[in-house]
Amino acid sequence: MGIEVYRDSWGIPHIRAADHRELAYAQGHNAAFDRGWQLEVERHRAAGTSAAFLGEAARDWDVFARRVRLDDTARRCFRRLAEEDRETAGWVSSYVDGVNAGLAEGAARAPEFAATGLAPGRWSPWTPLAVWLSTHILFAGFPAKLWRRMVAGYLGAGAVELFATDGPGTAGSNGWLVSGERTADGGALIAGDPHRFIENPGVYQQLHLACPEYDVVGFAVPGVPGLPHFGHTGGVAWAITNAMADYQDLYRERLRRRAGRIEALGPDGWQPAAAHTETVEVAGAESSGIEVVETGRGPVIAEVPGSAADGEWEALSLRYPPRVYGELGFPALPALLRARGVADVDAALDRWVEPVNVVLAADTAGGLLHRVAGTVPVRDEANLRGAVPAWEAAYAWRGRHGPMPSVPVAGGIAVMANERGPAAPFGAEFAPPYRAERIRELLAGGASWRAGDMAAVHTDTLNAAARPLLELLAGLDGLGPAAAELRDRLLRWDLRMGADSTDALAYARLRSAVVRALAAHPALVPLADPPPYPALLQPWLDLHTRIGYALGTLLTTDRLPEIDRPALVRAAAEATAAQLAAVAPGAPATWGEAHRLAPWQALPGGTGGSGEPWPGLAGDHDCVLATAAVPGVTDLCARGPAARYVWDVARREESRWVVPFGACGVPGAPHHRDQLAPWRRGELIPVLTDWQALKESHGDR
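Residues numbered from 1 in each chain as written. Predicted model: local features only at pLDDT ≥ 70, side-chain atom pairs only at ≥ 80, totals over all residues. Heavy atoms only, no water.

Peer 1: Looking at this structure, I do not really get the environment of Val633. What am I missing?
Peer 2: Within the element layout of this structure, Val633 appears in the loop between strand 20 (628–630) and strand 21 (634–641). The exposure class assigned to Val633 is partly exposed, which follows from its relative accessible area of 48%. Separated by 85 residues in sequence, Val633 and Gly548 place their C-alpha atoms 8.4 Å apart. (Helix = DSSP H or I, 4+ residues; strand = E, 2+ residues; numbered from the N terminus. Buried < 20%, exposed > 50% of the residue type's maximum accessible area, 1.4 Å probe, protein only.)

Peer 1: Help me understand the sheet that holds strand 7 (residues 230–232) in this model?
Peer 2: Strands belonging to one sheet form pairs held by backbone hydrogen bonds; the direction of such a pair is parallel or antiparallel. One open sheet holds the eight strands; their spatial order is 1-2-5-6-7-8-16-17, and the pairing between them is mixed. Edge positions in the sheet fall to strand 1 (4–7) and strand 17 (368–373), since each of these pairs with one other strand and no more. Between one strand axis and the next, the sheet turns through 15° on average, direction left out of account. The sheet contact formed by strand 8 (residues 236–242) and strand 16 (residues 357–363) spans seven bridges and is antiparallel. Along strand 16, the bridge assignment pairs Val236 with Asp363. Together, strand 1, strand 2 (13–16), strand 5 (205–211) and strand 6 (214–220) form the strand contacts of helix 1 (residues 20–47), whose direction differs from that of strand 5 by roughly 155°. (Pairing = 2+ DSSP bridges. Axes fitted to C-alpha atoms, helices over the stretch in contact; angles between N-to-C directions. Contact = heavy atoms within 4.5 Å.)

Peer 1: Got a minute to help me understand the pattern of salt bridges in this structure?
Peer 2: Opposite charge on two side chains permits pairing when their charged atoms draw close. Under the criterion given, the structure shown has 41 salt bridges. A salt bridge links Glu56 to Arg59, with the nearest nitrogen and oxygen atoms 2.7 Å apart. Residue classification places Glu56 among the partly exposed positions, given a relative accessible area of 43%. For the salt bridge of Arg487 with Asp488, the shortest nitrogen-to-oxygen distance reads 3.0 Å. On the accessibility criterion, Arg487 (14% relative accessible area) is buried. Take Asp488: its relative accessible area is 32%, and that puts it in the partly exposed class. (Salt bridge = Lys/Arg side-chain N within 4 Å of Asp/Glu carboxyl O.)

Peer 1: Just checking my understanding: could you explain empty space enclosed by the protein for this structure?
Peer 2: Think of a ball as big as a water molecule: rolled over the atoms, this probe shows where empty space is left. Following the criterion strictly, the structure yields six cavities of 30 Å³ or more and no others. Approximately 60 Å³ is the volume attributed to the second largest cavity. As for the second largest cavity, its lining consists of 13 residues, of which Phe139, Ser173, Arg196, Tyr204 and Ile240 are closest to the centre. Counting residues per element, the ones that place at least two in the lining of the second largest cavity are strand 3 (172–178), strand 4 (189–197) and strand 8. Considering only residue class, the lining of the second largest cavity consists of five nonpolar, seven polar and one charged. (1 Å grid on protein atoms, 1.4 Å probe; cavity = no way out; pocket = protein on both sides within 12 Å on 5 of 7 lines; lining within 4 Å. Points joined across faces, edges and corners; volume = space filled by probe spheres on them. Nonpolar A, V, L, I, M, F, W, Y, C, P; charged D, E, K, R; others polar.)

Peer 1: I would appreciate a short explanation of the nonpolar core in the present structure.
Peer 2: For soluble globular proteins, nonpolar side chains are generally found buried alongside one another. Membership of the largest hydrophobic core comes to 194 residues, with the highest contact counts inside it found for Leu443, Met454, Val514, Leu518, Ile547 and Trp647. Take this core: its biggest share by element is eleven residues, from helix 17 (residues 502–520). By size, the runner-up hydrophobic cluster in this structure holds 16 residues, among which are Val63, Val282, Ile290 and Val292. (Core = buried A, V, L, I, M, F, W, Y, C linked by side-chain atoms within 4.5 Å.)

Peer 1: Looking at this structure, I do not really get the packing of helix 1 against helix 5 (residues 86–109). What am I missing?
Peer 2: Relative orientation and spacing of two packed helices are given, respectively, by the angle between their axes and the distance between those axes. Packing of helix 1 against helix 5 leaves a shortest axis separation of 6 Å and a crossing angle of 40°. Taken together, helix 1 and helix 5 sit at an angle that is classed as oblique. Like other packed secondary-structure pairs, helix 1 and helix 5 cross with a definite hand, here right-handed. (Parallel < 35°, antiparallel > 145°, perpendicular 65-115°, else oblique. Left-handed = near helix turned anticlockwise from the far one by under 90°.)

In short, shape yes, function no, at least from these values alone.
Structure, rendered in structure tokens:
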């Protein structure tokens, strides 16, 4: 048969090959053709060489990637994979061969190569593992441990949980399963949307892969073979969300130099640390010489400011499972493609490592699965709360947790939205329950669900997180006329963060004023100036951001009695009313005019099309439609649904999906941004699986 590539009307690739390895080659070749620029950016980011063509803005990431040893860890993981699972290692290598065969053609299509002077490079067998690791190294949010340490130091250990919520540096998702007893045709439905930084091109690529062994649709991560997170084989479908597990540790290291070598203090005394120097090249600026140090705990990622004394200094090392165990879990990827039922998905995910996910799956025989997958080390509870001393044996890892928990699907509904659920024993911070509770409420209201109905759940904009602030507002008397009118207006508001809502904008303005007032309060202002750690870690240490995402708790807790919340909200209401009355001509009048998409792009610039600004969006961080702004910092949306999907388990042809931009990563191509409009409107497009229809109606690339 050879390789056949068809495109549906949305330009989505449908790839068929004679065998499993040839199909991996074809997937890699297609990724290079459609996403050549994206693939090369990710390869360079994983190697810590992206600043050489992206410039100063990429320097901090490259320094981090070098220090944390992303590329070396990927090499280590691939070596072990090649020793223990030659079949999977060969499959990954076939994908890499396809990438290398297609990169020149893909680069010729992508204007970014000429704009930066970048020539397409060559992928190594371990590069997909490096891309995967680079994409997920910050998923567990280890810098939050520095924040917890700051809070405990200034406010006491009991105050740490006041800020314990899903912050901007982590990635979450919605996912839900409705069993056959609640659907119109008796087959299960799985739906959801991964919440990540919105990138252009997108981090997920819709794909259809088939060979004699399997025929699967799902979302690929460009640069990685298979369909790791979301897929439908025809017999079984699966989806994941971030489990919010804590599986990375920060250690406080004591370091010193002796006879030209660096030593680190561990439980057994001073021991030599591995050290060498590297150079980070930066386009248009001076290069950076950095010392890469690794102790018995892990790579050193930052020095502790002000810790140097008597020839010794403190630093922070990062210990993370792939570096320790030499595994990423890639044997699960081909096993998922071959899955025929939930038992196969379950068995495949027993080998999963990074990141730790909550999984939903259902099959055509009525099987259901709701479990945690990934590697979480066994260690002291203090490791979850902050950076722990490397020289104390009590904080060493003591193996891995296992087996990972599974939970039953009760009442025909299962929901995963980063809340405290089956992964609770493994985490320190989880998302507030608003999204999960709202999804359950919506699903419980129906008994005959169809795939087409799920868009209404995806796009729900009820903001239950607004209630604590509105309850304080309701208790205020003696306000000035404008502030009283604002109070009454918001108390009539339906809590919907609609793009066309003027009330939602007024609420957002009040919320931001409250966040800024709390950040300026003497009780919290000591947290406003975090230690000068690397810039990459600063988003986890920003006081306004932390307050914005934990606002509901901070407005209802009795643990900070020095903060007069009614007085603070009163002042914020008066200031917001004055701000709204003095709006300049042309300023945003609705939430959607302020809450615009702000995607990350390797090369800055670009608009929503035809020179227009990026579009305005409905939703908010704690809505099911989780288009996240950072209250008190910006109304722009940089993180949100990086894809949406509905898997109809019994009738795959009824499934639906959408991504923020399009199937192709080449600017100006017909399918570069053709899904942006339906994505913004909350619409889903059909999943096409009929090969005969593809062959008759649509051509190749």
